[in-house]
Amino acid sequence: MNNKQINSLLNNLDEKVNLAIKQALEKHQKLGESVVIFDNGKIKTFTGEEIKILLENN
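Counting starts from 1 at the beginning of each chain's written sequence and moves along it residue by residue. Side-chain atom pairs in this predicted model are given and counted only at pLDDT of 80 or more, local residue features only at pLDDT of at least 70, and totals for whole chains, interfaces and linings cover all residues. With hydrogens and water excluded, all non-hydrogen atoms of the structure serve as input to the side-chain values.

*Asks:* Explanation requested: unusual backbone geometry in the structure shown.
*Replies:* Trans peptide bonds make up the majority, and among non-glycine residues the majority have a negative phi. Although it is not a glycine, Asn 40 sits at a positive phi angle of roughly 50°. Strands here mean DSSP runs of E at least two residues long; helices mean DSSP runs of H or I at least four residues long; both are numbered from the N terminus. Within the secondary structure, Asn 40 sits in the loop between strand 1 (35-39) and strand 2 (42-46).

Structure follows, in structure tokens:
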């Protein structure tokens, strides 16, 4: 595989991962469930309403 093919595969993978994350967040938001993430060494919890705001801003 050459660099162009590798970059194309990585970009495709990145798009798919971002879509999966967005869909999971939307599902949690619709169900009113919280999500927990680990960010810069800290645990953060987002409520369904906070998820809605995050999705609207991104």
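*Asks:* When you look at a nonpolar patch on the surface in this model, what are you seeing that I'm missing?
*Replies:* A residue counts toward a patch only above 30% relative accessible area and without a salt bridge, and it is joined to like-charged neighbours within 9 Å or, for Val, Leu, Ile, Met, Phe, Trp and Tyr, to nonpolar neighbours within 5 Å. Only the protein chains shown count as cover for residues, and the accessible areas themselves come from Shrake-Rupley with a 1.4 Å probe. Put simply, a salt bridge is a Lys or Arg side-chain nitrogen that is within 4 Å of an Asp or Glu carboxyl oxygen. Where nonpolar side chains cluster on the molecular surface, the patch consists of Met 1, Ile 6, Leu 9, Leu 10, Leu 13, Val 17 and Ile 21 and spans about 680 Å² of accessible area. Only protein chains enter the accessibility calculation, which uses a 1.4 Å probe; a residue is then buried when its area is under 20% of its type maximum, exposed when over 50%, and partly exposed in between. Taking relative accessible area as the criterion, Ile 21 reaches 46% and is therefore assigned partly exposed.

*Asks:* Teacher, can you tell me more about the pattern of salt bridges here?
*Replies:* Oppositely charged side chains can form a pair if their charged atoms are brought close together. Under the definition given, this model contains 2 salt bridges. The partner of Lys 44 in a salt bridge is Asp 39, with the nearest N and O atoms 2.8 Å apart. Residue classification places Lys 44 among the partly exposed residues on the basis of a relative accessible area of 33%.

*Asks:* Honestly, the layout of surface pockets in this entry has me stumped. Any pointers?
*Replies:* Using only the protein atoms, space was sampled on a 1 Å grid; points where a 1.4 Å probe fits but cannot get out form cavities, open sets with protein on both sides within 12 Å along at least five of seven lines form pockets, and lining residues are those with an atom within 4 Å of a point. Grid points are joined across faces, edges and corners, and a volume is the space filled by probe spheres set on the points. The space that makes up the largest pocket amounts to roughly 170 Å³. Lining the largest pocket we find Asn 18, Ile 21, Lys 22, Leu 25, Val 35, Ile 37, Phe 46, Leu 54, Leu 55 and Asn 58. When contributions to the lining of the largest pocket are tallied by element, the ones reaching two or more residues are helix 1 (3-31), strand 1 and helix 2 (48-57). Per-element accounting of the lining of the largest pocket gives the leading share, 4 residues, to helix 1. Residues are sorted three ways: Asp, Glu, Lys and Arg are charged, Ala, Val, Leu, Ile, Met, Phe, Trp, Tyr, Cys and Pro are nonpolar, and all the rest, Gly among them, are polar. For the lining of the largest pocket, a count of residues per class yields 7 nonpolar, 2 polar and 1 charged.

*Asks:* I'm lost on helix 1 in this one. Help?
*Replies:* For an α-helix, the turn length of 3.6 residues means that residues three or four places apart are oriented alike. The span expected for a helix works out to 1.5 Å for each residue beyond the first. In a regular helix each residue adds 1.5 Å, so 29 residues correspond to 42 Å; helix 1 covers 42 Å between its end C-alpha atoms and thus fits that length. Two residues or fewer past helix 1, Gly 32 is found with a positive phi of approximately 70°.

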